[in-house]
Amino acid sequence: MSLVNGNEIFAEARKGHYAVGAFNTNNLEWTRAILGAAQEKNTPVLIQTSMGAAKYMGGYELCLNLVQQTMKSMNITVPVIMHLDHGNYEAAKECIEVGYNSVMFDGHDLPFAENLEKTKEIVKLAHAKGMSVEAEVGSIGGEEDGIIGEGELADVEEAKQIAATGVDYLACGIGNIHGQYPENWKGLNFDRLKELADVISTPLVLHGGSGIPKEQIQKAISMGVAKVNVNTECQMAFAAATRKYIEEGHDQNDIKGYDPRKLLAPGTKAIKDTVESRIEWFGTPAVK
Ligand code: G3H
Ligand code: ZN
């Protein structure tokens, strides 16, 4: 299976009241873990690069090639969507040029009229090439690539206008936060989610998927969320497993325990396990 766009996959997910996971990659290990988990569960998956991660890895073209070549070498047969996460206008245009399957144009920090205008332009460019587009209304709390969002609730009227541009999925702030949730987090705002889902048929996206209790995620999915973004949980799982390996002295006491192929293996497995567990939570059905 080659890379595909997200249009039908996410439209069907919204109709079928399940979600497809969107997982951020950071390097080869992450890429193998995410693709391996999706293959194991026999489900579609969205693999995404933030602007920062793509810069770290050497650019969008390299990231796309990495995913394509890894799919080939691992004999991945499930549908995979290569997506730009939280892209600005320039990054979205570059990823459309380079040949991603899907881009997020995140214009939430722009004046609304400019977000709307630029979203329209990106939709036109992407759809001309058969690619999917995600837009954002109402900022997601927390930090993403140095941008601190305060986590406002999406305005329903604005969300309707952005949805009308023909975006294929829409990220709406409903009290969700990037990174770890604070102790006093109030939880997702289901009233606002209902107001949005009642008037918007576009598949909705839940960002900041790490650390939200399973019941809240599943309730949000039952109400119209079709894409759930997860990054921090994979990072924490990787860090914990790597820490354990080193604290247990494997890097010093095992034969060639310092070899990155050994040292990074427990962390890679921890990412794969995390992705598989989230695929189960999201109820993503197996590919027929
Ligand atoms: O766009 C990516 C995410 O929304 C992931 O958020 O790091 O809190 O899981 P997270
Ligand atoms: Zn996000």
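How each quantity is defined
- Residues numbered from 1 in each chain as written.
- Chains lettered and ligands numbered in written order.
- Predicted model: local features only at pLDDT ≥ 70, side-chain atom pairs only at ≥ 80, totals over all residues.
- Heavy atoms only, no water.
- UniProt positions renumbered as here; feature names shortened; annotations may be inferred.
- Pairing = 2+ DSSP bridges.
- Helix = DSSP H or I, 4+ residues; strand = E, 2+ residues; numbered from the N terminus.
- Axes fitted to C-alpha atoms, helices over the stretch in contact; angles between N-to-C directions.
- Contact = heavy atoms within 4.5 Å.
- Buried < 20%, exposed > 50% of the residue type's maximum accessible area, 1.4 Å probe, protein only.
- Right-handed = clockwise from strand over helix to strand, strands pointing away.
- Phe/Tyr/Trp six-rings, centres within 6.5 Å; stacked < 30°, edge-to-face > 60°.
- Lys NZ or Arg CZ within 6 Å of the ring centre and 35° of its normal.
- Donors = N, O, S within 2.8 Å, 3.2 Å for Na, K, Ca; no water.
- Near = heavy atom within 4 Å.
- Polar contact = N/O pair within 3.5 Å; in protein donor to acceptor, adjacent residues only side chain to side chain.
- Areas by Shrake-Rupley, 256 points an atom, 1.4 Å probe, with all protein chains shown as cover.
- Nonpolar A, V, L, I, M, F, W, Y, C, P; charged D, E, K, R; others polar.
- Core = buried A, V, L, I, M, F, W, Y, C linked by side-chain atoms within 4.5 Å.
- Salt bridge = Lys/Arg side-chain N within 4 Å of Asp/Glu carboxyl O.

An unreviewed UniProt entry lists the chain under the name Fructose-bisphosphate aldolase, with Pediococcus cellicola given as the organism. Under the UniProt heading Pathway (unreviewed entry), the note attached to the chain is "Carbohydrate degradation."

Colleague: It is not clear to me how the sheet that holds strand β1 (residues 20-24) should be interpreted in this structure. Could you clarify?
Modeller: Strand pairing within a sheet occurs via backbone hydrogen bonds; the two strands may be parallel or antiparallel. The strand order around the closed barrel formed by eight strands is β1-β2-β3-β4-β5-β8-β9-β10, and the pairing between neighbours is parallel. Averaged over all pairs of adjacent strands, the angle between their axes in this sheet comes to 25°, without regard to strand direction. Looking at chain direction, strand β9 (residues 204-206) and strand β10 (residues 225-230) are connected through three bridges and run parallel. What sits directly across from Leu204, in β10, is Val225. Along the sheet face, helix α4 (residues 60-73) touches β2 (45-50) and β3 (80-87) and points at about 155° away from the line of β3.

Colleague: How should I be thinking about the pairing of strand β5 (residues 132-137) in this particular structure?
Modeller: When a strand is regular, its side chains alternate between the sheet's two faces. Of all six residues in β5, six are buried, a share of seventy percent or more. In terms of strand pairing, strand β4 (residues 102-105) meets β5 through four bridges, oriented parallel. Each residue of the ladder has a partner; that of Phe105, found in β5, is Ala135. Between β4 and its parallel partner β5, the chain crosses via helix α6 (residues 112-128), and the hand of that crossover is right-handed. Pairing between β5 and strand β8 (residues 169-172): four bridges, direction parallel. Residue pairing in the sheet places Glu136 in a bridge with Ala171 of β8.

Colleague: Is there a simple way to explain the packing of aromatic side chains in this structure?
Modeller: The geometry of two aromatic rings is summed up by the distance between their centres and the angle between their planes. The final tally for this structure, using the stated rule, is five aromatic pairs. Between the aromatic rings of Phe10 and Tyr169, the centroid separation amounts to 4.9 Å while the plane-to-plane angle is 85°, which identifies the pairing as edge-to-face. Of the two residues, Phe10 is situated in helix α1 (residues 7-16) and Tyr169 in strand β8; the sequence distance between them amounts to 159 residues. Among the residues examined, Phe10 registers a relative accessible area of 0% and is labelled buried. A relative accessible area of 1% places Tyr169 in the buried class. Both rings, one in Tyr181 and one in Trp185, keep their centres 4.1 Å apart while their planes meet at 55°; by these two values the pair is tilted. Its guanidinium or amino end placed over the ring of Tyr89, Lys118 lies 5.1 Å from that ring's centre, counting from NZ or CZ.

Colleague: Honestly, the coordination of the zinc ion (ligand 2) in this entry has me stumped. Any pointers?
Modeller: Six octahedrally arranged donors around a metal ideally form angles of 90 or 180 degrees; four tetrahedrally arranged donors ideally form angles of 109.5 degrees. Here the zinc ion (ligand 2) is held by His86 (NE2), His178 (NE2) and His207 (ND1), and the distances to it run 2.0 to 2.1 Å. Spacing between the donor residues of the zinc ion (ligand 2) along their common chain follows H-x91-H-x28-H. Here His178 is found in the loop between β8 and α8 (190-199), whereas its partner His207 is found in the loop between β9 and α9 (214-222), with 29 residues between them in sequence.

Colleague: How do you make sense of the site of ligand 1 when you look at a structure like this?
Modeller: The immediate surroundings of ligand 1 are formed by 15 residues, with Asp85, Gly179, Gly208, Ser210 and Thr232 found nearest. Within the contact set of ligand 1, an oxygen atom lies 3.1 Å away from a side-chain nitrogen or oxygen of His207. Contact distances for ligand 1 include 2.8 Å between an oxygen atom and a backbone N or O atom of Gly208. Isolated, ligand 1 exposes 310 Å² of accessible area, and the fraction of that covered by the protein chains is 99%. Among the elements of the structure, β3 and β10 are those that each provide at least two residues to the shell around ligand 1. Tallied by class, residues from the shell around ligand 1 come to two nonpolar, eleven polar and two charged.

Colleague: Hey, could you run me through the nonpolar core in this one?
Modeller: In summary, soluble globular proteins display a tendency toward joint burial of nonpolar side chains. Counting residues in hydrophobic clusters, the biggest one holds 75 residues, and the most contacted among them are Phe23, Val80, Leu170 and Phe282. If sequence neighbours within four positions are ignored, Phe23 has contacts with Ile34, Val45, Leu46, Ile47, Gln48, Val230, Cys234, Val275, Arg278, Ile279 and Phe282. Counting residues in hydrophobic clusters, the runner-up holds 13 residues, among them Ile9, Phe10, Tyr18 and Val20.

Colleague: Would you explain the pattern of salt bridges in this entry?
Modeller: Where charged atoms of side chains with opposite charge meet at close range, the side chains can pair. Scanning the model with the defined rule gives 14 salt bridges in all. Notably, a salt bridge pairs Lys120 with Glu117, separated by 3.6 Å at the nearest N-O pair. Of the two residues, Lys120 and Glu117 are both situated in helix α6; the distance of three residues between them amounts to about one turn of the helix. Given the relative accessible area of 40%, Glu117 is considered partly exposed. Of the charged contacts in the structure, one is a salt bridge between Glu276 and Lys272, with a shortest N-O distance of 3.1 Å. With Glu276 and Lys272 both in helix α13 (residues 265-282) and four residues apart, the pair spans about one turn of that helix. Looking at Glu276, the relative accessible area reads 14%, which means it is buried. A relative accessible area of 25% means that Lys272 is categorised as partly exposed.

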